[in-house]
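The primary structure of each chain is shown beneath.
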Amino acid sequence: MTSIARLGDALGLSRLDKRYLAPVLVTIVLIVGQVTFGFLESWSRTALAIGTSIGMELLLGRLLGGSWPHLASAYVSGISVGMLVRSPEFWPYALCSAISITSKYLIRVDGRHIWNPSNLGIVAMLVLAADTVASLSVQWGNTLLPMITVWVFGSVIIGTLGRFHITATYVLSFVAFAALRAAITGDPFLAEVAPITGPMYQLFIFFMITDPKTTVKPRWAQCLVAFLVAAVEAGFRLMQFVHAPYYSLFIVGPIANLIEIALTRRAARAAASPVLLGSPAVSPLPQEATRVRS
Amino acid sequence: MKSYARPLLAVLFVALLATPWLIRRYGSRATATAAARDARSSYGFRLVESAKAAGLDFVHEAPTFDAKLAHIMPQVASMGAAVAVVDVDADGHADLYVTSSREGSRNRLYRNKGDGTFEEIAERLGLADLNGGRTGVSMGSAWADYDNDGFDDLLLYRWGRPELFHNDAGKGFTLVSEQAGLPAWANINSAIWFDFDRDGRLDFFMGGYYAEGVDLWKLPTTKIMPESFEYASNGGRKYLYRNLGGGRFEEVSAARGLASTRWALAAVAGDLRGTGYPDLFIANDYGVSELFVNDGGRFREVGRQTGVGYAPKSGMNASLGDVLNQGRFAIYVSNISEEGILIQGNNLWVPSSGSTGALPTYENLARAMNVDLGGWSFGAQFGDLNNDGFQDLYLVNGYVSASRGESYWYDYSKVAGGHEVVISDAANWPAMGTRSLAGYQPKRVWVNDGAGRFVDVAQMVGVTDRFDGRSVVLGDFANRGVLDVVVANQRGPLLYYRNDVAPGRSYVAFELEGACRPDTPAGTRCSNRNAIGAQVTLHWDGQQQVQEVFGGSGFCAQNQRRLHFGLGAATRVDKAVVRWPSGKMQEIPSPALDRVHVLKEPA
């Protein structure tokens, strides 16, 4: 157990149903952002995103799964869309949520959805509705206090969920690649680091890349994927893509999941067939001996 | 999952992905793109660019600041092209004063000869050579008759030393800055005249952009940039100069409640509450707009309470117009919209409640009325361009047009969202080189359909330029009963769009003159001679429209003070009601159509 996870334990977070921790954190982010800077396009738009997300989850979960689904995941998706999408229109908020949740039920491999739903939804909007939609970028001031607040709460909660290593790996990788980009482009290092000090990244590093449903299982692989997301993002940034992190996760995330699924299939097939000549079965991605599970 | 569920889900998913395209294809966003053989018959007017023929040969030049800013010079030196309408010799023909900004460049005063052409007289009158590293360079001008002698005086604002020039009967100008007590240095980007205390003497407001301690030619540090892209308050202070008479002014901003160090780019003053006192609206770059209501000569900031000061954007314009013919002003603020990167959207603040004297509340109807997306928007003005009885909207835009194939947007957005330590230091901004930033943008000429929607007809009516527009003004330069358009472009030519309105559309116009004179004793109830602050409400065909005489509006701009009402096919006007700044009311029953009414304040 990490020290951050122990802190969360001391605060009693470990006694909570883990499914509620991410919603609690994202709600804190929303409140801090809105109280300090009024960073939402409007409450009504965010409410529309959340409502659509929950409504779609209830509808599709009941129709396709036969039971009422737990709504924590849909709430997180909805609130993320409500904060990350920037548009003077209302419909992009509803549409982005609807795309996000629908993708979760449609695009599944071996019962797993392979894209982070809100990442897919936002990428879809940025590509298909660029004339109307942008992403959260400058709407959260440029001061340290809100970011520290989010980092403190975020680290404790994500630590309690046993996923802080993903966030830490990504941040360290981003900074390293920022230095590399600065060396390549000749731009100031601080300019290259600047994006990660903005509000969009706080949501990205605490919610999107750590999403338990769409990340690979082994801890070392999670770190590798986080590193690769930062690496591909650096490539996009060198090509001057403004929304580089979304695109990077959109590409790296599913590939990592598909690789893990393929390896799991092979392992399952090998386990189901007779062992020949005493050769070991093909294993999926190796797991750690001790692992904090959510 | 049932066997048919997945295909159905796939259909739903594809339909969702196709929705943006369907909305674009079949949505209600109104832009006139269909070829119109005759714009006049389709839209009621066309605009013909006629600067050269009219003798307007001005091209704006930009300044060069301290070498520490060389890597982002196009971005920093991106303002200063401004135009104001003034009748400098009081001959009844609207003249133009245009500012340039390169050190050593000349401002221009184009006198309207009354025959459709202009002549340059700034050199002769001593108003040309006003840009230099020691004094700063021009950002704009505001004109008004501060001593009520019948001739408009010049307030020239700079990034540098602002200056006040007294107009000596149209024959020359005398520098009176010292007597007026103007600051030695301030980076002013907006100034307007208004009579905030209604004493019959015009006062003026100046809004600082960079902090007044910043001398852009001698920078000891590069930490001069905004501390935040949308929450910055490290800009320039505000100045409110109260006219004491006799050419003397007193700076009273603190005493009268105007304390702000946001990055002001535009201001307009108008009576938004029906109190008779002009309220002050300031559009700030890198932050929220501010609305200072005027409680009998003292100001109170109510942006949040009224709704206009809640969401921070990049305010670059402030203009007022009665867009719904409801007898109340909406406020138009321009911001930044770049496809896929930053969609702030412009704001059209329409009053949704508020009785006389009470605080109004505003709702942003820019999206609903289709005036939200204008690119990197700058100056805008309301005016009835096609004389149909409704206020149209002319918007200019474009930030830095350089290389067509290279964009600075990525680097700009990268730093703009960063921590204040990063964004506030120019040294951290990547080199701009020859890249464009929101360049070569199409302008917007939004025609008001009278039913709450505007349609962009710019390309159809002849506004096809792609210069980096800054300041736009409207005026009837040939006394033809139509509003012509003049646009000042950064690093570009002055454009003069001559308006050709379709026949069969009437108008009525009013030129107002207040009763105060230089020798009027203090305490006399009379209006400033320019009648700045006077409101005229026109009643016809069961509708009404209010207009006010402004002492500056838009972005670094000042329209002709004459109030122009288009009337469409109307054959009579019921009445015009004038509320003078002094509070006197005057009713003109059935004013004659198709003429300019010269109204003098009654005793």
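How each quantity is defined
Residues numbered from 1 in each chain as written. Chains lettered and ligands numbered in written order. Predicted model: local features only at pLDDT ≥ 70, side-chain atom pairs only at ≥ 80, totals over all residues. Helix = DSSP H or I, 4+ residues; strand = E, 2+ residues; numbered from the N terminus. Rg over C-alpha atoms; globule rule 2.2 N^0.38 Å. Buried ≥ 20, exposed ≤ 12 C-beta atoms within 10 Å, placed from the backbone. Contact = placed C-beta atoms within 7 Å. Nonpolar A, V, L, I, M, F, W, Y, C, P; charged D, E, K, R; others polar. Pairing = 2+ DSSP bridges. Axes fitted to C-alpha atoms, helices over the stretch in contact; angles between N-to-C directions. pLDDT = per-residue confidence, 0-100. Expected span 1.5 Å × (residues − 1). Parallel < 35°, antiparallel > 145°, perpendicular 65-115°, else oblique. Left-handed = near helix turned anticlockwise from the far one by under 90°.

### With respect to the overall build of chain B
Right, so step 1: Along chain B, the regular secondary structure elements total ten helices and 40 strands.
Right, so step 2: Taken over C-alpha atoms, the radius of gyration comes to 24 Å for chain B, in line with the 25 Å a tight globule of 603 residues would show.
Right, so step 3: Over its C-alpha atoms, taken along the principal directions, chain B stretches across nearly 90 × 65 × 50 Å.
Right, so step 4: Considering chain B as a whole, with its 603 residues, one finds that 60% of them fall into the buried category.
Right, so step 5: When contacts within chain B are restricted to residue pairs at least 6 apart in sequence, those whose partners lie at least 24 apart make up 62%.

### Here's the deal with the overall build of chain A
Right, so step 1: If you tally the helices and strands in chain A, you get twelve helices and four strands.
Right, so step 2: The buried share among the 294 residues of chain A stands at 52%.
Right, so step 3: Of the contacts formed within chain A by residues at least 6 apart in sequence, a portion of 73% connects residues at least 24 apart.

### Describing the interface of chain A and chain B
Right, so step 1: Tallying the contact residues gives 41 residues for chain A and 43 residues for chain B.
Right, so step 2: Residue composition of the side of chain A that touches chain B, by class: 24 nonpolar, 13 polar and four charged.

### Quick look at unusual backbone geometry
Residue and element names in this part refer to chain B.
Right, so step 1: A positive phi angle is found at asparagine 325, which is not glycine, with a value near 45°.
Right, so step 2: When you line up the elements, asparagine 325 lands in the loop between strand 18 (319–321) and strand 19 (330–333).
Right, so step 3: Here asparagine 387, not a glycine, exhibits a phi torsion of approximately 50°, which is positive.
Right, so step 4: Mapped onto the secondary structure, asparagine 387 falls in the loop between strand 24 (377–383) and strand 25 (392–397).

### Quick notes on the sheet that holds strand 32 (residues 495–501) of chain B
Residues and elements named next belong to chain B.
Right, so step 1: An order of 1-32-31-30 is seen for the four strands of this open sheet, with the pairing classed as antiparallel. At either margin of the open sheet sits one strand with a lone partner, and together these are strand 1 (45–49) and strand 30 (468–475). Ignoring strand direction, the axes of neighbouring strands in this sheet form an average angle of 25°.
Right, so step 2: With seven bridges joining them, strand 30 and strand 31 (residues 484–490) adopt antiparallel strand pairing. Its bridge partner lying in strand 31, valine 473 is registered against valine 486.

### Structural notes on the sheet that holds strand 24 of chain B
Residues and elements named next belong to chain B.
Right, so step 1: Strand order in the open sheet formed by four strands is 24-25-28-29, with antiparallel pairing between adjacent strands. Because the sheet does not close on itself, it has two edges, and the strands there are strand 24 and strand 29 (454–456). Ignoring strand direction, the axes of neighbouring strands in this sheet form an average angle of 20°.

### Re the confidence of the model for chain A
All names here are of chain A.
Right, so step 1: Summarising the model, chain A shows a mean pLDDT of 85, and 85% of its residues fall at 70 or more.
Right, so step 2: Throughout residues 278–282 the model reports pLDDT below 50, and contacts reaching past four residues in sequence, or to other chains, amount to seven contacts.
Right, so step 3: Considering only residues more than four positions removed or in separate chains, one finds that residues 288–294, a stretch of pLDDT under 50, has twelve contacts.

### Section: helix 5 (residues 91–106) of chain A
Right, so step 1: The end-to-end C-alpha separation of helix 5 of chain A is 22 Å, in line with the 22 Å expected for 16 residues at 1.5 Å each.
Right, so step 2: Among the 16 residues in helix 5 of chain A, 14 count as buried, and that is most of the element.

### Describing helix 11 (residues 219–238) of chain A
Each α-helix turn comprises 3.6 residues. Residues three or four places apart therefore point the same way.
Residues and elements named next belong to chain A.
Right, so step 1: The end-to-end C-alpha distance of helix 11, which contains 20 residues, comes to 29 Å, matching closely the 28 Å that a straight helix rising 1.5 Å per residue would cover.
Right, so step 2: Those residues of helix 11 not exposed but buried are Gln222, Val225, Ala226, Val229, Ala230, Val232, Glu233, Ala234 and Arg237.
Right, so step 3: The elements touched by buried residues of helix 11 are helix 8 (164–185) and helix 12 (244–272).
Right, so step 4: Directly after helix 11, the chain includes glutamine 240, whose backbone phi takes a positive value near 65°.

### Some thoughts on the environment of serine 352 of chain B
Residue and element names in this part refer to chain B.
Right, so step 1: Looking at where serine 352 falls in the secondary structure, it is placed in strand 22 (residues 347–353).
Right, so step 2: For the pair formed by serine 352 and alanine 180, sequence separation is 172 residues and the distance between their alpha carbons is 40 Å.
Right, so step 3: Sequence-distant contacts of serine 352, defined by excluding residues within four places in its chain, comprise Thr361, Tyr362 and Glu363.

### Observations concerning the packing of helix 8 of chain A against helix 11 of chain A
All names here are of chain A.
Right, so step 1: Here helix 8 crosses helix 11 at 30°, and the two axes come no closer than 8 Å. Looking at the two axes, helix 8 sits roughly parallel to helix 11. Of the two elements, helix 8 crosses helix 11, and the hand of that crossing is right-handed. Residues His165, Ile166, Thr169, Tyr170, Ser173, Phe174, Phe177, Leu180, Arg181 and Ile184 of helix 8 lie in contact with helix 11, whose contacting residues are Arg219, Gln222, Cys223, Ala226, Phe227, Val229, Ala230, Ala231, Ala234, Arg237 and Leu238.
Right, so step 2: Split into classes, the residues belonging to the contact of helix 8 with helix 11 amount to 14 nonpolar, four polar and three charged.

### Observations concerning the environment of valine 242 of chain A
Right, so step 1: On the secondary structure map, valine 242 of chain A appears in the loop between helix 11 and helix 12.
Right, so step 2: In this structure, the C-alpha to C-alpha distance between valine 242 of chain A and glycine 162 of chain A, residues 80 residues apart in sequence, is 31 Å.
Right, so step 3: When sequence neighbours within four positions are dropped, the list of residues in contact with valine 242 of chain A reads Ile341, Trp409, Tyr410 and Ser413 of chain B.

### A short note on the pairing of strand 25 of chain B
All names here are of chain B.
Right, so step 1: Counting buried residues in strand 25 gives six out of six residues, a clear majority hidden from the surface.
Right, so step 2: Taking every second residue as pointing to the same face, both faces of strand 25 are buried, with Asp392, Tyr394 and Val396 on one and Leu393, Leu395 and Asn397 on the other.
Right, so step 3: Inspection of the sheet shows strand 24 paired to strand 25 by five bridges, in the antiparallel sense. Opposite alanine 380, over in strand 25, you have leucine 395 as the bridge partner.

### Notes on the packing of helix 5 of chain A against helix 6 (residues 117–128) of chain A
All names here are of chain A.
Right, so step 1: Packing of helix 5 against helix 6 leaves a shortest axis separation of 8 Å and a crossing angle of 130°. It follows from the interaxial angle that helix 5 and helix 6 lie oblique. Classified by chirality, the crossing of helix 6 by helix 5 is right-handed. Contacts from Pro92, Cys96, Ser97, Ile99, Ser100, Ile101, Ser103 and Lys104 of helix 5 reach helix 6 at Pro117, Ser118, Leu120, Gly121, Ile122, Ala124 and Met125.
Right, so step 2: Here the residues of the contact of helix 5 with helix 6 sort into nine nonpolar, five polar and one charged.

### Looking at the environment of valine 501 of chain B
Residues and elements named next belong to chain B.
Right, so step 1: As for its position among the elements, valine 501 is in strand 32.
Right, so step 2: Measuring from C-alpha to C-alpha, the distance between valine 501 and leucine 265 comes to 33 Å, with 236 residues separating the pair along the chain.
Right, so step 3: Those residues in contact with valine 501 that sit more than four places away from it in its chain are Gly44, Phe45, Asn386, Asn387 and Val482.

### Things to note about the confidence of the model for chain B
Right, so step 1: Here chain B averages 95 in pLDDT, and 98% of its residues register 70 or above.
Right, so step 2: Here the prediction assigns the complex a pTM of 0.91, and the interface score ipTM is 0.84.

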